[in-house]
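# Structural overview for review
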Amino acid sequence: EAYRLIDKLEREHSLSLLEYKTLIEAENDALRLYAANKAKEQATLIYGNSVYVRGLIEVGNYCRNDCFYCGIRKSNLNCDRYILAEEDILHCCKEGYELGFRTFVLQGGEGIYKKDFVTNVVQKIRSEYPDCAITLSLGEEDRDTFKAWFDAGANRYLLRHETASKNHYAKLHPKNMSFDHRMQCLKDLKEIGYQVGCGFMIGSPYQTSETLAMDLKFIETFKPDMCGIGPFISQKDTPFKDMTCGTLNQTLFLLSLIRLIQPNILLPATTALGTIDPQGREKGILAGANVVMPNLSPVSVRKKYALYDNKICTGEESAECKDCLSRRMDSIGYKIVTDRGDIKK
Ligand code: 5AD
Ligand code: FES
């Protein structure tokens, strides 16, 4: 039955909520391998053995939000706050460009910069590096702000939806955070013309096979260009510090299902996946992922961007991080490419 559902997903790229739920509950070693092989085949048909890289610049860890799972939540007084200046960001881009990165991801806590600051930095990166994609991941804003940043030259926006269940969303976030507004942001971003990435954690507290089925249905209907998923990993200074972490295996299975839902999707093997298993990112690629995001942030701030405990890549220089990932991808027969890495339509 479950195998039949994987075959159907491969063929039709769509299942009912109940079918998704059945699949999620049926996960075991054999089924996971079955799904991974089909997912990898789909990814290879479209992207070959190329893995796209994104230079991740963690621009700052101030945040206006208080998500229960996140280490940079504003109530965390143990978080050593920092914010990169414009020249720091531009320096990261320069270093990244020389290393062969053609996508820069500016990620930070929500509300960290004023609208005009971001507009200005994006304009500068755009004029300096016309052949690069600029990705922003700076949380929820109003439509005008998203539009101004797009007009300044940003191409992509990552905003994980976190869960497609409004009920579940309310258990992960304080009352002042709105599920509806977050979903509205994703729609606005898409309408404005961004390539949009959504995503969610695997094994977040109160997640169920139903909420995961809703996440898959959301991906199927919203059709994002990218989807970031990784295991929930508890962080010691948050309300969820004692909650069970997500698993490697469930994350790998979900990566494969997402690849089968949308064969051309850009799907990163995330740092969180590399954190719960030393070979997590390699395993992620072999389960259908096709993107990795080495850290380009200044070494001095890396430990401070602690969304969860024991995060990897907080020591190396950007060159080492890229070389490390190149070697890792080589070891499984894939190669990192110098390319903007746009979605293939
Ligand atoms: N474990 C794993 N992922 C986390 N994120 C935030 N906190 C954690 C955690 N404790 C993810 C969220 C957010 C992204 C930037 O990082 O999904 O959207
Ligand atoms: Fe950062 Fe390996 S990718 S050290």
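Everything quoted here is computed from the prediction, not taken from an experiment. (Residues numbered from 1 in each chain as written. Chains lettered and ligands numbered in written order. Predicted model: local features only at pLDDT ≥ 70, side-chain atom pairs only at ≥ 80, totals over all residues. Heavy atoms only, no water.)

## Brief notes about the state of the cysteines
Chemically, a disulfide is nothing more than a covalent bond linking the sulfur atoms of two cysteines. As enumerated under the stated definition, the model contains zero disulfides in all. Cysteine Cys67 is unpaired, with the sulfur of Cys70 as its nearest cysteine sulfur at 6.0 Å. Classification of Cys67 by relative accessible area gives buried; the value is 11%. Here Cys132 is not disulfide-linked; the sulfur of Cys93 is the nearest cysteine sulfur, at 8.0 Å. (Disulfide = S-S within 2.5 Å. Buried < 20%, exposed > 50% of the residue type's maximum accessible area, 1.4 Å probe, protein only.)

## Focus: the site of ligand 1
Residues in close proximity to ligand 1 include Tyr69, Cys70, Arg160, Glu162, Met201, Pro231, Phe232, Ile233, Leu307 and Tyr308, which together make up its full environment. A distance of 3.0 Å is found between a nitrogen atom of ligand 1 and a backbone nitrogen or oxygen belonging to Tyr69. Here a nitrogen atom of ligand 1 and a backbone polar atom of Ile233 are 2.7 Å apart. Look at ligand 1: alone it shows 410 Å² of surface, and the protein chains cover 87% of it. More than half of the atoms of ligand 1 fall within 2 Å of the grid points belonging to the largest cavity. For the shell around ligand 1, the residue count by class is eight nonpolar, no polar and two charged. (Near = heavy atom within 4 Å. Polar contact = N/O pair within 3.5 Å; in protein donor to acceptor, adjacent residues only side chain to side chain. Areas by Shrake-Rupley, 256 points an atom, 1.4 Å probe, with all protein chains shown as cover. 1 Å grid on protein atoms, 1.4 Å probe; cavity = no way out; pocket = protein on both sides within 12 Å on 5 of 7 lines; lining within 4 Å. Sits in = over half its atoms within 2 Å of the grid points. Nonpolar A, V, L, I, M, F, W, Y, C, P; charged D, E, K, R; others polar.)

## Comments concerning the sheet that holds strand β3 (residues 103-108)
Read across the sheet, six strands follow the order β2-β3-β4-β5-β6-β7 without closing on themselves; strand pairing throughout is parallel. Lying at the two open borders of the sheet, with one neighbouring strand each, are β2 (55-60) and β7 (226-231). In this sheet, adjacent strand axes meet at a mean angle of 20° when their direction is disregarded. The sheet contact formed by β2 and β3 spans five bridges and is parallel. Note that in β3 the partner of Gly55 across the bridge is Phe104. (Pairing = 2+ DSSP bridges. Helix = DSSP H or I, 4+ residues; strand = E, 2+ residues; numbered from the N terminus. Axes fitted to C-alpha atoms, helices over the stretch in contact; angles between N-to-C directions.)

## Brief notes about the sheet that holds strand β9 (residues 335-337)
On the basis of which strands lie adjacent, the open sheet formed by three strands has the order β8-β1-β9 and parallel pairing. For this open sheet the edge positions go to β8 (291-292) and β9, each flanked by a neighbour on one side alone. In terms of strand pairing, strand β1 (residues 50-53) meets β8 through two bridges, oriented parallel. Residue Val53 lies in a different strand from β8, and its bridge partner there is Val292.

## Considerations on helix α3 (residues 29-47)
Counted at 1.5 Å a residue, the expected span for α3 with its 19 residues is 27 Å, and the 26 Å between its end C-alpha atoms agrees. Within α3 the residues assigned to the buried category are Leu31, Arg32, Ala35, Ala36, Lys38, Ala39, Gln42, Ala43 and Tyr47. At the N-terminal boundary of α3, the capping side chain belongs to Asn28, with an oxygen 3.1 Å from the backbone nitrogen of Ala30. Just downstream of α3 lies Gly48, where phi reads positive at about 60°. (Expected span 1.5 Å × (residues − 1).)

## Some words on the nonpolar core
Membership of the largest hydrophobic core comes to 97 residues, with the highest contact counts inside it found for Phe104, Leu136 and Tyr194. When residues in this core are grouped by element, the largest group, nine residues, is from helix α10 (residues 248-261). Residues within four places of Phe104 in sequence aside, it is in contact with Gly55, Ile57, Cys93, Gly96, Tyr97, Ile125, Tyr129, Cys132, Ala133, Ile134, Thr135 and Leu296. Formed by eleven residues, the second largest nonpolar core is a distinct cluster that contains Tyr47, Tyr52, Met226 and Ile343. (Core = buried A, V, L, I, M, F, W, Y, C linked by side-chain atoms within 4.5 Å. Contact = heavy atoms within 4.5 Å.)

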